[in-house]
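So you can see what is in the structure, the chains are spelled out below.
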Amino acid sequence: MSANPLLMGHPLSSTEHARHALLYMCRIRKFEEAVEDLFGRGMMHGTMHLSIGQEASPTGMCMALTIQDQITSTHRGHGHCIAKGADLTRMIAELLGKEIGYCGGRGGSMHIADVETGNLGANGVVGGGIPIAAGAALASKMMKKGTVAVSFFGDGAMNEGAFHEAANLAAIWKLPMILFCENNKYGMSSSTEKAFAIDNLADRGKGYGIPGVNVNGNDVVEVYEAAQIAVDRAKKGEGPTLIIAETYRWKGHSRSDKNLYRTKEEIEEWRLLDPIPKFIARAIKQKKLTQEQCDGIQQEATDAIVAAVNEAVKAKAADPAGLLDAVFKKVSA
Amino acid sequence: MSDRMLTMAEAVREAMSIAFDERPEVFLLGEDVGIYGGAFGVSGDMYHRYGSERVLDTPIAELGIVGAAVGAALSGMRPIVEIQFSDFTAQAMDQIANQAAKIHFMLGGALHVPMVLRTPQGSGTGAAAQHSQNLEPWFASVPGLKVVVPSNPADAKGLLLAAIDDPNPVIFLEHKLLYKIPGRDPVPEGSERIPLGVAKVVREGKDLTIVATGIMVNKSYEVCEKLAAEGISVTLIDPRTISPLDMQPVYESVEKTGRLMVVQEGPAHAGFINEVIAQMAGSSSFGSLIAPIKRLAGMNIPIPYAPQLEKAAVPQIEDIEAAAREIVKNWR
């Protein structure tokens, strides 16, 4: 099933918005669970980086974006693609190496891009997408498009030169850009305590002369509210914002992770901060959704993923015959 | 027919100006390309003619600059990015080799990167090891990059216009010793393109085929003239683009001359020119060779500072002349 046009606005502003926020968080959760399952059954090649536990961050951010607004994403990028409106079947098909996959099987999990939803691509290089988003924001400014470019990255990327150079360019040129850090506390095994000499990553904003804000990355409402302020600022020509969304990945870094660097207790504590039931409780309390509606939305997300997997499994495998012709875009006469 | 003799810096500036006039989405960004006019004066007065929004001065941040160019190229612009010395592309290599080069292929063809990265390279200015390298093989070995090495102003103009038109990332390597000297041929007026991937037969002869890149084309040309006076005639081929590489004229020439010499400035080990040798070795023209292939290249050392050391590090006219003479005399 193809994605709905993106719904913009506050997740608790209406039943429709609450439904959207919950549906997209559940789509991400169910997608990641399906990926883990496909991997476990030996149907998926390569590796995987799951974002289970982090669903509120991309969902809240993308509810402040139009379909024309652009994003760059990371190796842990499935959630960003889905939140920006990517087609689930083409995503699963890519992971399964199928012709109809977003990259025709040439990219896999770490390289899904979707031009129609403004997604300039996930990136296998930590920090690789940040300067690219700055460039997209530069193009928006030069072409007077009125769009913003959001770069999603993790805490690990904030120690890359790419982060520094892009943040500085965006700041001096007042680019319509948002630097969105999902601080999930670990760059693979390196904790933020080991990798940073500052306690609050948002303090880095000061070094570039831009606002640095902290949000609870497991609260889709809080993420949206900060995102909307940053988008408004960017679209007014006032420049970029650094958002630090505090969150946590429940699963290991990738398939090779044995969780030697963190405790079971820590993981358990964060599992109790699951963004999905937290939002359900709030939506019900504020009478935007009923328990019955929430159950239905969760089922809808599951059904969409099951349908996507079934369709993708049946699709034609990618064919090596076209590889050499795919390197360059043809020069038009 | 025009008789305008321009330097390569002037020809490159003219090509950029034509592209600026033709397409509003073309812009130039880089360190000191604005009011300073570029470290080698290539952008010159463009800042005054086109303004600070299209001739964009950047901080010293090569990775960020190239990344911004990639992102802008993905989003409807057509950036020309100048990296002040090709040596500094090392700072930007993630965006060049991992991002720009791979995006079209890896992302399934949905996006492409119409970006030109222009950068001066090469030795001869006494700037020592971190400002003088020849990095042709770095770029030529990355699938997804087109690589242009112009040897003269007229070619630089036509090739750069084609590179700006190209929907793919193009690395444009300008030898800094060529910036200030006029070429042998006039630079045509107008906006004619020279297609990428087409080698140029600079002169034709029957005794020896020389394939040379960049400034080595000029040095080899002088040798050809000198040898011609002695009755030794040489075919000189300038690939002009090293990715893609046009070998057909090389095969055709070697079938006539039976002797092949290749010349590059960069170090011999794993150098670009070895690709010419490898393709020749695997071709049906190989049987036409009556002499071993001669390779003349830089020493396998960083470029040293002192003038006599710097000269010793890369092939000079005398070296090319001696090698050419030897191969023709010794193999009959």
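Residues numbered from 1 in each chain as written. Chains lettered and ligands numbered in written order. Predicted model: local features only at pLDDT ≥ 70, side-chain atom pairs only at ≥ 80, totals over all residues.

### Here we look at the packing of helix α5 (residues 129–142) of chain A against helix α3 (residues 62–74) of chain B
Line of reasoning, step 1. Interaxial distance between α5 of chain A and α3 of chain B falls to 6 Å at its minimum, and their mutual angle equals 55 degrees. The orientation of α5 of chain A relative to α3 of chain B falls into the category oblique. Crossing of α5 of chain A over α3 of chain B shows right-handed handedness. Counting all contacts with α5 of chain A, which are made through Pro131, Ile132, Ala133, Ala134, Gly135, Ala136, Leu138 and Ala139 of chain A, the residues of α3 of chain B involved are Leu63, Gly64, Gly67, Ala68, Ala69, Val70, Gly71, Ala72 and Leu74 of chain B.
Line of reasoning, step 2. Looking at the contact of α5 of chain A with α3 of chain B residue by residue, the class counts come to 13 nonpolar, 4 polar and no charged. (Axes fitted to C-alpha atoms, helices over the stretch in contact; angles between N-to-C directions. Helix = DSSP H or I, 4+ residues; strand = E, 2+ residues; numbered from the N terminus. Parallel < 35°, antiparallel > 145°, perpendicular 65-115°, else oblique. Left-handed = near helix turned anticlockwise from the far one by under 90°. Contact = placed C-beta atoms within 7 Å. Nonpolar A, V, L, I, M, F, W, Y, C, P; charged D, E, K, R; others polar.)

### Digging into the interface of chain A and chain B
Line of reasoning, step 1. The interface is formed by 36 residues belonging to chain A together with 34 residues belonging to chain B.
Line of reasoning, step 2. Broken down by secondary-structure element, the contributors of at least two residues to the side of chain A that touches chain B are α5 and α6 (161–172) of chain A.

### A few points about the domain arrangement of chain B
Residue and element names in this part refer to chain B.
Line of reasoning, step 1. Segmentation of chain B into domains returns domain 1 (8–178) and domain 2 (200–330).
Line of reasoning, step 2. Each of domain 1 and domain 2 has a C-alpha centre, and the two are 27 Å apart.
Line of reasoning, step 3. The interface is formed by 25 residues belonging to domain 1 together with 26 residues belonging to domain 2.
Line of reasoning, step 4. Those elements giving two or more residues to the side of domain 1 that touches domain 2 turn out to be α6 (136–140), β5 (146–148), α7 (153–165) and β6 (170–175). (Domains from an automatic or database assignment.)

### Details of the pairing of strand β6 (residues 212–216) of chain A
Line of reasoning, step 1. Across 5 bridges, β6 of chain A lies against strand β7 (residues 241–246) of chain A in parallel orientation. Residue Asn216 of chain A lies in a different strand from β7 of chain A, and its bridge partner there is Glu246 of chain A. (Pairing = 2+ DSSP bridges.)

### Remarks on helix α10 (residues 273–281) of chain B
Residues and elements named next belong to chain B.
Line of reasoning, step 1. Taken together, the buried positions of α10 are Ile273, Glu275, Val276 and Met280. End-on, the buried residues of α10 take up no more than an arc of 150 degrees, which puts them together on one face. Exposed and oriented more than 90 degrees from the buried face of α10 are Ala278 and Ala281. (Buried ≥ 20, exposed ≤ 12 C-beta atoms within 10 Å, placed from the backbone. Arc of directions from axis to C-beta.)

### Describing the nonpolar core
Line of reasoning, step 1. Of all hydrophobic cores here, the largest spans 201 residues; its most connected members are Leu22, Ala134, Met177 and Ile243 of chain A.
Line of reasoning, step 2. No other element matches the 10 residues that helix α1 (residues 15–40) of chain A contributes to this core.
Line of reasoning, step 3. Built from parts of two domains, this core gets at least three residues from each of domain 1 (8–178) and domain 2 (200–330) of chain B.
Line of reasoning, step 4. Among all residues touching Ala134 of chain A, those that are not within four sequence positions of it are Ala166, Leu169, Ala170, Leu175 and Met177 of chain A together with Gly64, Gly67, Ala68 and Gly71 of chain B. (Core = buried A, V, L, I, M, F, W, Y, C linked by C-beta atoms within 7 Å.)

### Side note on the sheet that holds strand β1 (residues 26–30) of chain B
Residue and element names in this part refer to chain B.
Line of reasoning, step 1. In space, the 7 strands of this open sheet follow the order β2-β1-β3-β4-β6-β5-β10, with mixed pairing throughout. Because the sheet does not close on itself, it has two edges, and the strands there are β2 (55–57) and β10 (241–243). Direction aside, neighbouring strands of the sheet carry axes that sit 20 degrees apart on average.
Line of reasoning, step 2. Pairing analysis gives 6 bridges linking strand β4 (residues 116–121) to β6, with the strands arranged parallel. The partner of Pro120 across the bridge, within β6, is Glu174.
Line of reasoning, step 3. Lying on the sheet, helix α1 (residues 8–22) is in contact with β1, β3 (78–82) and β6; it crosses β1 at an angle near 135 degrees.
Line of reasoning, step 4. Across the sheet, α7 is in contact with β1, β3, β4, β5 and β6; its angle to β6 comes to roughly 160 degrees.

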